[in-house]
Amino acid sequence: MKKILFVNPRFPRSLWGFQGISDLVGVRSGQAPLGLATVAALTPPEIAVELQDENCYPLGFDTDADIVAIGCWNVQYRRALELAREFKRRGKLVVVGGPYPTLCPERFTDGPFDVVFDGEVEITWPRFCGDLLAGSPQPVYKQAGNVDVHLSPVPRFDLLGKGHYLYHFVQTTRGCPFQCEFCDIIVTDGRVPRTKSVPQVLAEIEAVAALGGRYVSFSDANFIGNTKYAEQLLRALVDFGRATGCPITFSAEMTVTVAEKPQLLELLREANFTSVFVGVESPRLDSLVETKKRQNVHRPLIESIRKIQSHNLMVVAGMIVGFDHDDVRIFQEQFDFLMEAGIAFTTCGVLTAIEKTPLHARLQREGRLLPYDSSEVLGHGSADLNFVPKRMTPAEVHQGYNWLIRALYKRDNYGARLATTFRQFGPSAELGGRVVGRFDRQLLATLVNVARYFLLTSSHPRRRFFVRTLWDALRGRPSLEKLVGSISYMIAHKHFHEYVTGAHGDPEAVTNVSPFAEAPSVRERARDEFSRDFVRRLRREFFLGASWLVWAKRRPRRAVAVPEALLTETVGECLRQYLNELGVEVVPFATAALSRLRERADLLVLPIVGSVRKGREELNQIMQQLQDRVQTDLGRLPRIIPFSLDGDHRAICEAFARIGLTFTRRVERLRHAYVNAVETIILPSGQLATAPEAAKSS
């Protein structure tokens, strides 16, 4: 009996790979190879089959298979070549097929591959198997025209390792009715959606459920390309969920026009969908029209996204920079749009002209293509650029994108977007029997790993990110659904953060302002430093501690003791003005007068100097003496607020906020006082520094 070994080559790291979560959730790969499992199901019983996925385990080259069939996307091409040469050296017949051989078959006919499949294989693969058994396989099998997808069998999910994958895929349609200029789907699959029967799709989902699969992602280019069919399928999925107790959660890719179809949104929610991938691409209407993404300009994008989120659906967005209408301002626009929309996970990348697409043909006519190898393109989460932009230089595109992808996956920004999404969610009581997770040994192990990674860690930023994001996501209207969603997306962030750090640099090292943005005014920078969320967090900490109880027992004097030496510095002048704005008296003091301060002030500001600054030796000496005296007289002093003169922006802003919170709980009043102090003291002097920067320069 002949035997075929199906091989899925190793994928390079990318945003979609989810390689970074395996140690937390126990899976070996993010996505199961649907194509290979489908082709295995097309193989007649006279031929034995085996499937190895290099993304799960190292390959066994010493196989007893006679034929090796390799699936290949463009990013797998180099690795597929290596594997083909090795298997060829061992005397195997090497076969290749998949999206990349279909798009660029010419790249496979000259190498180590004996047989190349060009196009869909529901007809050509059985023909190949017949030729193989007859001893006369052909070098190329090309599908002429599109096939009837009713011929596609239930994939051999049983060949995939149980518990190895985060997502299993099911395909319901092929083709997309739209004509986005940059997309290759309309080239390979056509513009007329072809649909499987609803019972056919349910059989595939039941096969996944039987193997213990938890998550199914529909791999259609546009799940709602045929609206009538999508409605029929969703109703069947609702019935499936009710009959089985919702063992599976779903996700799918679709156009943003789903926001205009309230009935579909309700059905998505009832059918146990938790997220949808939407090709937003750009907040610029001119760029959307340019690339023929006209379906995105019917209504304001933020409004559409809010509508989707209100049905308790997470929106994952495909975003692109580099359109002809994009200039260097697009990076800040993309960032601001995603922050406002509350889209945590975005596959933001640089526009790439894929071979055979209308975009590639246009840029070729215009002479703007750059030399490149499509097999080296990394796609989502990368800075690929294979043409000359119109309104930016290639260097500007790379610089802007490097900032953008890091800023998006900076912990605070990611957490803020998650919290924004969950604020849009409706009441969980309306979800009926919708499941948010099965509690079993695997889930328990995941929770233990999550606690170990995010809480039982020496990394304060990581622990703070986890606790703060949970707090913000659950605040107001907590639910199990929000809890599970928050933890799931923070697990995913572990991978995103690691990938971006390795590919582009540390996300925590960038600000929220693009390198091409105009220099913000002092007022804008002060507002950014002294944000509402920042002050609210400190206020929560203030009430959770015991200090407020001491403060509440007595009537405050509304006075703060500040060293005279600090008041001669710019940052000290800012502090005086800030307290004046709050109606608080400043009590200047010298070191010798420390013992009399308890009866005169509510707080004592203690400057902390870690290193001696050139030209400020006398100031440093005074501050050091003060610190020594404070340790001696600690029991006779008012409450002490440390004030680091060597700290970063956050440390100094935090000192301002903690001082102000002693006298008012009103966030807006604190922010107003801070901004006015910065403008009054720093702006007239001609400096562009804010109070924290003034501390370093003073």
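Here the structure is a predicted model, which means the values were calculated and not measured.

### Remarks on the nonpolar core
- Grouped together as the largest cluster of nonpolar side chains are 133 residues, with contacts concentrated most on Trp125, Phe218, Phe223, Leu237, Phe273 and Ile308.
- For phenylalanine 218, the residues in contact, after removing those within four places along its chain, are Val170, Thr172, Val201, Ile205, Phe223, Leu237, Phe250, Ser251, Ala252, Glu253 and Phe273.
- Formed by 32 residues, the second largest nonpolar core is a distinct cluster that contains Leu566, Met623, Cys653 and Phe663.

### Some remarks on the side chain of lysine 92
- For lysine 92, the position within the fold is in the loop between α3 (77-89) and β5 (93-97).
- There is no salt bridge for the buried lysine 92, and the closest opposite charge comes from aspartate 66, which lies 6.3 Å off by N-O distance.
- Here the side chain of lysine 92 touches alanine 65 through a polar contact of 2.9 Å, landing on its backbone oxygen.

### Thoughts on the packing of aromatic side chains
- One pass over the structure, following the stated rule, counts 34 aromatic pairs.
- Summarising the aromatic geometry, the rings of tyrosine 77 and phenylalanine 108 are spaced 5.1 Å apart at their centres and angled 80° between planes, so their arrangement reads as edge-to-face. With tyrosine 77 in helix α3 and phenylalanine 108 in the loop between α4 (99-103) and β6 (115-118), the pair connects residues that are 31 residues apart, well separated along the chain.
- For tyrosine 77, a relative accessible area of 6% corresponds to the buried category.
- Residue class for phenylalanine 108 comes out buried when judged on its relative accessible area of 0%.
- Within the aromatic cluster, the residues linked to one another by ring pairs are Phe18, Phe345, Tyr409, Tyr414, Tyr453, Phe454, Phe465, Phe466 and Phe496.

### Section: the pattern of salt bridges
- Counting across every chain of the model gives 36 salt bridges.
- For the salt bridge of aspartate 118 with lysine 142, the shortest nitrogen-to-oxygen distance reads 3.1 Å. Within this pair, whereas aspartate 118 is found in strand β6, its partner lysine 142 is found in strand β7 (residues 140-142), the two being separated by 24 residues in sequence.
- Taking relative accessible area as the criterion, aspartate 118 reaches 9% and is therefore assigned buried.
- The exposed category is assigned to lysine 142, whose relative accessible area is 55%.
- For glutamate 231, the salt bridge is made with arginine 235, and the minimal N-O distance between the two is 3.1 Å. Linking glutamate 231 with arginine 235, this pair stays in helix α8 (residues 227-244), spanning four residues, or about one helical turn.

### What to know about the environment of proline 588
- Position of proline 588 relative to the elements: it lies in strand β17 (residues 585-589).
- The spatial distance from the C-alpha of proline 588 to the C-alpha of proline 563 is 5.6 Å, given a sequence separation of 25 residues.
- Apart from residues lying up to four places away in sequence, proline 588 is in contact with Val562, Glu564 and Leu567.

### Points about the sheet that holds strand β1 (residues 3-8)
- The sheet built from six strands is open, its strands ordered β3-β1-β4-β5-β6-β7 with parallel pairing. Edge strands, defined here as strands with exactly one partner in the open sheet, are β3 (48-53) and β7. Along the sheet, successive strands turn relative to each other by an average axial angle of 20°, direction set aside.
- Across three bridges, β6 lies against β7 in parallel orientation. Bridge pairing links valine 116 to valine 140 in β7.
- The sheet strands contacting helix α2 (residues 34-42) are β1, β3 and β4 (67-71), and the helix crosses β1 at an angle near 165°.
- This element, helix α5 (residues 124-134), spans β1, β4, β5, β6 and β7 of the sheet and lies at about 150° to β7.

### Points about helix α13 (residues 358-365)
- Buried within α13 are the following residues: Leu359, His360, Arg362 and Leu363. Seen from one end, α13 has its buried residues packed into an arc of 165°, which puts them on one side. Exposed positions of α13 whose direction lies more than 90 degrees from the buried face are Gln364 and Arg365.
- Looking at the buried residues of α13, the elements they touch are α10 (285-290).

### Regarding the packing of helix α15 (residues 411-424) against helix α18 (residues 480-504)
- Running from N to C, α15 and α18 point in directions that differ by 155°, and their axes come no closer than 11 Å. One element, α15, and the other, α18, form an angle in the roughly antiparallel class. Note on packing geometry: the crossing formed by α15 with α18 is right-handed. Every residue of α18 that contacts α15 at Arg411, Tyr414, Leu418 and Phe422 is listed here: Lys482, Gly485, Ser486, Tyr489, Met490, Ala492, His493, Phe496 and His497.
- The residue makeup of the contact of α15 with α18, split by class, is seven nonpolar, four polar and two charged.

### Here's the deal with unusual backbone geometry
- Its identity as a non-glycine residue notwithstanding, asparagine 272 has a phi of 80°, on the positive side.
- Residue placement: asparagine 272 occurs in the loop between α9 (262-270) and β13 (273-281).

Calculation notes
- Residues numbered from 1 in each chain as written.
- Predicted model: local features only at pLDDT ≥ 70, side-chain atom pairs only at ≥ 80, totals over all residues.
- Heavy atoms only, no water.
- Core = buried A, V, L, I, M, F, W, Y, C linked by side-chain atoms within 4.5 Å.
- Buried < 20%, exposed > 50% of the residue type's maximum accessible area, 1.4 Å probe, protein only.
- Contact = heavy atoms within 4.5 Å.
- Helix = DSSP H or I, 4+ residues; strand = E, 2+ residues; numbered from the N terminus.
- Lys, Arg positive; Asp, Glu negative; His and termini not counted.
- Salt bridge = Lys/Arg side-chain N within 4 Å of Asp/Glu carboxyl O.
- Polar contact = N/O pair within 3.5 Å; in protein donor to acceptor, adjacent residues only side chain to side chain.
- Phe/Tyr/Trp six-rings, centres within 6.5 Å; stacked < 30°, edge-to-face > 60°.
- Pairing = 2+ DSSP bridges.
- Axes fitted to C-alpha atoms, helices over the stretch in contact; angles between N-to-C directions.
- Arc of directions from axis to C-beta.
- Parallel < 35°, antiparallel > 145°, perpendicular 65-115°, else oblique.
- Left-handed = near helix turned anticlockwise from the far one by under 90°.
- Nonpolar A, V, L, I, M, F, W, Y, C, P; charged D, E, K, R; others polar.

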